[in-house]
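Remarks on the overall topology
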Amino acid sequence: MGALLPPGPHAGDVVDLNRALAVLHALEDVGAPEAQADSLLPAEPHAFLRQFARTLPAAQQALQFVAEASERYDAPDLVRTGVVLPRRSVRLAAPVPRPGKILGVARNYSAHAAEAGGSAPLEPVLFLKAPSAVIGPEEEIVLPKHSQAVDYEGELAVVIGRVARHLPEEGALEVVAGYTVANDVSARDYQNVRGQHFIGKSCDTFAPLGPSLVTRDEISDPHDLSIRTFLSGELVQSARTKEMVFPIARILAFASKLMTLEPGDVLLTGTPAGVGMARKPPRYLQEGDVVDVEIERIGRLRSFVTVERS
Ligand code: ZN
């Protein structure tokens, strides 16, 4: 796992958290510093999320070390030791490259429910999206040759950081590790026309996630964020997350009545109005499109659209 650095001598660069902790431990004469760092702050995202209550403080300790290193007389060169990596040398991956499960919520913004020809549901309507559909930021959404109606859906994504069953709604957000940005790409000709909801949501590359995981402690209210989608530069979706029909805590409580939520699971919280199928005429994704989903305080998730070639 890496962390983007705030303003300072390395602003915008990336910290290799595992490496930072190993270097700090070496300075402090901890035995086997690399093995210690691997145990306390694993580099692999799923391992990081599985022990989130322990890895988050370790990550904060590693960042603190980097922030203070410029003032330490014995500080090693952070770039030379591989602790700080120039942003341009790093390719960001999805924050959760292979979630255990991806839960989606249908019609969770009233204006979107209306444009889709329905009303807001009485309880959260959940569906599964295949984890194999995940891609990272700046990667390609591949339009399957057997679909002619692939659509975008900008969404706030919630990443689970604790095992949870029968969560009370109050305090449910405590199981959240953090938030990221998602595009719930959907083949409408399968999802709607053929009633094939699962396959229409689960084609390869249909779950762009990123660019980063912003931990829960940094977002005091996930329902006070602007969310916008741009299709090849044109603003097509614009809303605030307070417009959700069911707040995140309600959805987590509802889902956990029936199934265990696990670290590394991802909840997509629904899309606002403005999807391509509701435009007159409909505007589906085409080769060469660039889709940007932007959420306040989290960042901008960019995807490039290409077509399947056989
Ligand atoms: Zn969706």
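See the structure shown above.
Here goes a summary of the coordinates provided. Remember, predicted model here, so these are calculated numbers, not experimental data. (Residues numbered from 1 in each chain as written. Predicted model: local features only at pLDDT ≥ 70, side-chain atom pairs only at ≥ 80, totals over all residues. Heavy atoms only, no water.)

Helix and strand counts for the protein stand at 8 helices and 17 strands. Taking 19 Å as the expected radius of gyration for a compact globule of 310 residues, we find that the protein reaches 20 Å, a close match to that expectation. For the protein, the spread of C-alpha atoms along the principal axes amounts to about 65 × 45 × 35 Å. The buried share of the protein, reckoned over its 310 residues, is 51%. Looking at the protein alone, contacts between residues at least 24 apart form 74% of all its contacts between residues at least 6 apart. (Helix = DSSP H or I, 4+ residues; strand = E, 2+ residues; numbered from the N terminus. Rg over C-alpha atoms; globule rule 2.2 N^0.38 Å. Buried < 20%, exposed > 50% of the residue type's maximum accessible area, 1.4 Å probe, protein only. Contact = heavy atoms within 4.5 Å.)

Counted by the stated rule, this structure contains 17 salt bridges. Between R250 and E169 there is a salt bridge, with its nearest N and O atoms 3.1 Å apart. Taken as a pair, R250 in helix α8 (residues 248–258) and E169 in the loop between β9 (154–160) and β10 (176–183) lie far apart in primary sequence, 81 residues in all. The exposure class assigned to R250 is partly exposed, which follows from its relative accessible area of 35%. Residue class for E169 comes out partly exposed when judged on its relative accessible area of 36%. (Salt bridge = Lys/Arg side-chain N within 4 Å of Asp/Glu carboxyl O.)

What follows is about the packing of aromatic side chains. Counted by the stated rule, this structure contains 1 aromatic pair. For the pair F48 and F52, a centre-to-centre distance of 6.0 Å together with 70° between the ring planes defines the contact as edge-to-face. Both residues of the pair, F48 and F52, count as buried. Cation over ring: R194 sits above Y190, and NZ or CZ is 4.3 Å from the ring centre. Over the ring of F230 we find R300, and its NZ or CZ is 4.9 Å from the ring centre. (Phe/Tyr/Trp six-rings, centres within 6.5 Å; stacked < 30°, edge-to-face > 60°. Lys NZ or Arg CZ within 6 Å of the ring centre and 35° of its normal.)

Glancing now at unusual backbone geometry. Between G210 and P211 the backbone carries a cis peptide bond, its omega angle lying at 5°. Assignment of secondary structure puts P211 in strand β12 (residues 207–215). Residues other than glycine seldom take positive phi values, yet H166 does so here, at roughly 55°. Mapped onto the secondary structure, H166 falls in the loop between β9 and β10. Relative accessible area serves as the criterion here: at 53%, H166 is assigned to the exposed category. In the Ramachandran plot, S232 falls in the positive-phi region, its phi being about 45° despite a non-glycine side chain. Structurally, S232 can be placed in the loop between β13 (226–231) and β14 (234–240).

One way to see where empty space is left: roll a probe the size of a water molecule over the atoms. Roughly 1,400 Å³ of volume is contained in the largest pocket. Along the walls of the largest pocket sit 49 residues, with G2, A3, L4, L5 and V14 positioned nearest its centre. Looking at the lining of the largest pocket, the elements with two or more residues in it are β1 (2–4), β2 (14–16), α3 (45–50), α4 (52–69), β12 and β17 (299–307). Among the elements that make up the lining of the largest pocket, the one with the highest residue count is α4 (8 residues). Partitioned by chemical class, the residues of the lining of the largest pocket number 32 nonpolar, 9 polar and 8 charged. When residues are assigned to domains, the lining of the largest pocket turns out to be shared by domain 1 (2–89) and domain 2 (102–307), each giving three or more. Estimated volume of the second largest pocket: approximately 250 Å³. Taken together, 18 residues form the lining of the second largest pocket, with A106, R107, H112, Q191 and H197 sitting closest to its centre. Of the residues contributing to the lining of the second largest pocket, the split by class is 7 nonpolar, 7 polar and 4 charged. (1 Å grid on protein atoms, 1.4 Å probe; cavity = no way out; pocket = protein on both sides within 12 Å on 5 of 7 lines; lining within 4 Å. Points joined across faces, edges and corners; volume = space filled by probe spheres on them. Nonpolar A, V, L, I, M, F, W, Y, C, P; charged D, E, K, R; others polar. Domains from an automatic or database assignment.)

Our next topic: a nonpolar patch on the surface. A surface patch of nonpolar side chains, amounting to about 270 Å² of accessible area, comprises L128, F198 and I199. For F198, the location among the structural elements is in helix α7 (residues 197–202). Here F198 falls in the partly exposed class, since its relative accessible area comes to 44%. (Patch = residues over 30% accessible without salt bridge, like charges linked within 9 Å, V, L, I, M, F, W, Y side chains within 5 Å. Areas by Shrake-Rupley, 256 points an atom, 1.4 Å probe, with all protein chains shown as cover.)

Taken together, the protein ligands of the zinc ion are E153 (OE), E155 (OE) and D184 (OD), with distances of 2.0 to 2.1 Å. Counting the intervening residues between successive donors of the zinc ion yields the motif E-x1-E-x28-D. Taken together, the residues E155 in strand β9 and D184 in the loop between β10 and β11 (186–187) connect sequence positions 29 residues apart. On the basis of relative accessible area, D184 is assigned to the buried category, the value being 1%. (Donors = N, O, S within 2.8 Å, 3.2 Å for Na, K, Ca; no water.)

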